[in-house]
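So you can see what is in the structure, the chains are spelled out below.
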Amino acid sequence: MNKDTGLLCLLGKASAFLSKYFAVVILLTSAFAFMRPEGFTWIPKYTAFFLGTAMFGMGLTIKKQDFQIVFSRPKEIFAGCVLQYTIMPFAAYLLAVVLNLDADLALGVILVGCCPGGTASNVIAYIAKGDVPLSVGMTIASTLIAPLVTPFLVYVLAGAWVEVSFWAMVMSVINIVLLPVIAGIILNSLFHDTIEKLGAILPLVSIVAIVTIIDGIVAVSAGKLMSCGLIVIALVVLHNGIGLGMGLFMAKVMKVNYAKETSIAIEVAMQNSGLAVALATVNFSANPLASLPGAVFSVWHNVSGSMFASYRIKGLENQEAAALSDNALTAK
């Protein structure tokens, strides 16, 4: 084994480890940023760059066959996107109204709700034995339409609390999400064999970028976290829980199989919360607390997603055991 191969192997193992323990890594590094904020306060100025890097990493992982999935299963993917862009945005709006949130937190939770699905949902869908191709297809579709849908929903829902510039947000999402993703897709198609060899370490790019963004937000908001941290955590847990519950309920209404139910529920509830943080930082600098729900959501949805995955795996095992029992009785 030469040095380059050894380095790639090492980075691949690091990537796999960090992907598996993503939530723990965020908790540890953000706790350090909270205690030693002076080393991280420079980060928020570059939030858009770091998220663009994460989205570029996502683009590098998208292959031609992933688009084939989107076009071969239009009804399921369309339904998943509709659920994503209705359940989470309107749940956020209702929470803001019912809990009488101040402008910053209302804006923050609405930003999270209006964002597309995050790539972490694909990992959780795999762990939960869900329909991974469907999960990937929904993430791609919701991300590609985000430049118009996300600003429109934020404009409509958050306008009661703050002034929202629709076109400024459109340009932000195009620059931060769409262009980096497209650049990654193009690079993958041009140098597919090389990118394929680097496949195991590509998640590392997105992981480092997202962790860096969250650490920066925690550092500059350390003082405010002391006063409203518990409120934000409760808000995020409620919002994410509604997404999982309603996503699963609507998937059952659609009468799809168990694996698809799992993927749809996970996709609905797991947002690209890094985008919410970036949009809050770039477009709403007058509302500094608006970035906190996105930062907390980035941690929590990985924790809740893992717990939901365990629950669904247990349900699948019970189904399989019941099927074996029925088959045994039929055989008799």
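Above this note sits the structure.
These numbers come from a predicted model, not from an experiment.

Criteria and thresholds
Residues numbered from 1 in each chain as written. Predicted model: local features only at pLDDT ≥ 70, side-chain atom pairs only at ≥ 80, totals over all residues. Heavy atoms only, no water. Helix = DSSP H or I, 4+ residues; strand = E, 2+ residues; numbered from the N terminus. Contact = heavy atoms within 4.5 Å. Buried < 20%, exposed > 50% of the residue type's maximum accessible area, 1.4 Å probe, protein only. Polar contact = N/O pair within 3.5 Å; in protein donor to acceptor, adjacent residues only side chain to side chain. Core = buried A, V, L, I, M, F, W, Y, C linked by side-chain atoms within 4.5 Å. Phe/Tyr/Trp six-rings, centres within 6.5 Å; stacked < 30°, edge-to-face > 60°. Lys NZ or Arg CZ within 6 Å of the ring centre and 35° of its normal.

A look at the side chain of Ser135
Checked against the element boundaries, Ser135 lands in helix H8 (residues 132–158). Ignoring anything within four residues of it in the chain, the contact list for Ser135 reads Ser121, Asn122, Ala125, Ser263 and Glu267.

Structural notes on unusual backbone geometry
Residues other than glycine seldom take positive phi values, yet Asn100 does so here, at roughly 50 degrees. Structurally, Asn100 is set in the loop between helix H5 (74–98) and helix H6 (103–113). On the basis of relative accessible area, Asn100 is assigned to the exposed category, the value being 66%. Phi at Lys255 is positive, roughly 60 degrees, even though this residue is not glycine. Take Lys255: it is sitting in the loop between helix H12 (222–253) and helix H13 (258–269).

Re the side chain of Ser273
Looking at where Ser273 falls in the secondary structure, it is placed in helix H14 (residues 273–283). Judged by relative accessible area, which is 3%, Ser273 ranks as buried. Residue contacts for Ser273: discarding those within four places in its chain leaves Gly294, Phe297, Ser298 and His301.

Brief notes about the environment of Ser30
Residue placement: Ser30 occurs in helix H2 (residues 22–35). For the pair Ser30 and Ala219, spaced 189 residues apart in sequence, the C-alpha to C-alpha distance is 7.8 Å. Apart from residues no more than four positions distant in its own chain, Ser30 is found in contact with Asp215 and Val218. Within the structure, Ser30 has its side chain in polar contact with the backbone oxygen of Leu27 (distance 3.2 Å).

Notes on the nonpolar core
Counting residues in each nonpolar core, the largest one holds 83 residues, and the members touching the most others are Leu51, Ile77, Leu111, Val154, Ile264 and Phe284. Sequence-distant contacts of Phe284, that is, excluding residues within four places in its chain, are made with Leu107, Leu111, Val154, Val162, Glu163, Val164, Met169 and Leu279. Judged by nonpolar contacts, the second largest core, of 11 residues, contains Ala120, Leu248, Ala269 and Ala309.

Topic: the packing of aromatic side chains
Tallied over the full model, the rule gives eight aromatic pairs. Between Tyr155 and Phe166 the ring centres are 6.3 Å apart and the planes differ by 70 degrees, which places this aromatic pair in the edge-to-face class. Placement of the pair is Tyr155 in helix H8 and Phe166 in helix H9 (residues 166–190), with a sequence separation of 11 residues. Following the ring pairs from residue to residue traces out a cluster consisting of Trp42, Tyr46, Phe49 and Phe50. It is Arg312 that lies over the ring of Tyr258; its NZ or CZ is 3.8 Å from the centre.

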